[in-house]
Amino acid sequence: MLTNHFHNSANVDGFAQDDRLATVVLTCGRPKGVMLTNDNFLGILPSARDLWGMNEHAINLVAMPLFHIGGSGWATAGQYNGCKSIILRETVD
């Protein structure tokens, strides 16, 4: 059974808005994690359409790893705005 654990959340564009921890993303350099709330992570999504031209006709190239905020944020922004996303995978020689 799934339950909603957001006590004081409002539903905006189908997403729960909340200041609780949503994810921990890894950053470059020395190993460390940055904790992002739902509001932090999802806050840019509605603006991505205008800022970056993301829409249902755009093709979104996701070149950064999804464990990095650059990759996961970019991929999520594309999905939110209806882009076709192409995710590059790392090749091993």
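Here, every reference points to the structure presented above.
Heads up: these notes are all about the structure in this document. Note that this is a predicted model, so its numbers are computed, not measured.

The rules we used
- Residues numbered from 1 in each chain as written.
- Predicted model: local features only at pLDDT ≥ 70, side-chain atom pairs only at ≥ 80, totals over all residues.
- Heavy atoms only, no water.
- Core = buried A, V, L, I, M, F, W, Y, C linked by side-chain atoms within 4.5 Å.
- Buried < 20%, exposed > 50% of the residue type's maximum accessible area, 1.4 Å probe, protein only.
- Helix = DSSP H or I, 4+ residues; strand = E, 2+ residues; numbered from the N terminus.
- Salt bridge = Lys/Arg side-chain N within 4 Å of Asp/Glu carboxyl O.
- Pairing = 2+ DSSP bridges.
- Right-handed = clockwise from strand over helix to strand, strands pointing away.
- Axes fitted to C-alpha atoms, helices over the stretch in contact; angles between N-to-C directions.
- Parallel < 35°, antiparallel > 145°, perpendicular 65-115°, else oblique.
- Contact = heavy atoms within 4.5 Å.
- Nonpolar A, V, L, I, M, F, W, Y, C, P; charged D, E, K, R; others polar.

Quick word on the nonpolar core
One finds Leu36, Phe41, Leu42, Leu45, Ala48, Met54, Ala58, Ala77 and Cys83 forming the largest nonpolar core, which totals nine residues. Counting residues per element, the ones that place at least two in this core are helix 1 (38–42) and helix 2 (45–52).

Remarks on the pattern of salt bridges
The tally for this structure, following the rule as stated, stands at one salt bridge. Between Arg49 and Glu56 there is a salt bridge; the shortest N-O distance is 3.6 Å. Classification of Arg49 as partly exposed rests on a relative accessible area of 37%.

Points about the environment of Cys83
Structurally, Cys83 is set in the loop between helix 3 (69–80) and strand 6 (84–87). Spatially, the C-alpha atom of Cys83 lies 4.8 Å from that of Glu56, the residues being 27 residues apart in sequence.

Brief notes about the environment of Ala77
Summarising the element assignment, Ala77 is placed in helix 3. The sequence separation of Ala77 and Asn60 amounts to 17 residues, and the corresponding C-alpha distance is 9.2 Å.

Examining the pairing of strand 6
Strand direction decides the pairing type here: strand 5 (residues 59–62) and strand 6, joined by four bridges, are parallel. By the bridge assignment, Leu61 is partnered in strand 6 with Ile86. A crossover connection joins strand 5 to the parallel strand 6 through helix 3; in handedness this β-α-β unit is right-handed.

Some thoughts on the packing of helix 2 against helix 3
Their axes nearest at 9 Å, the elements helix 2 and helix 3 cross at an angle of 90°. When the axis of helix 2 is compared with that of helix 3, the two are roughly perpendicular. Two secondary-structure elements touch here, helix 2 through Leu45, Pro46, Ala48 and Trp52 and helix 3 through Trp74, Thr76, Ala77 and Tyr80. Classifying every residue of the contact of helix 2 with helix 3 by side-chain character gives seven nonpolar, one polar and no charged.

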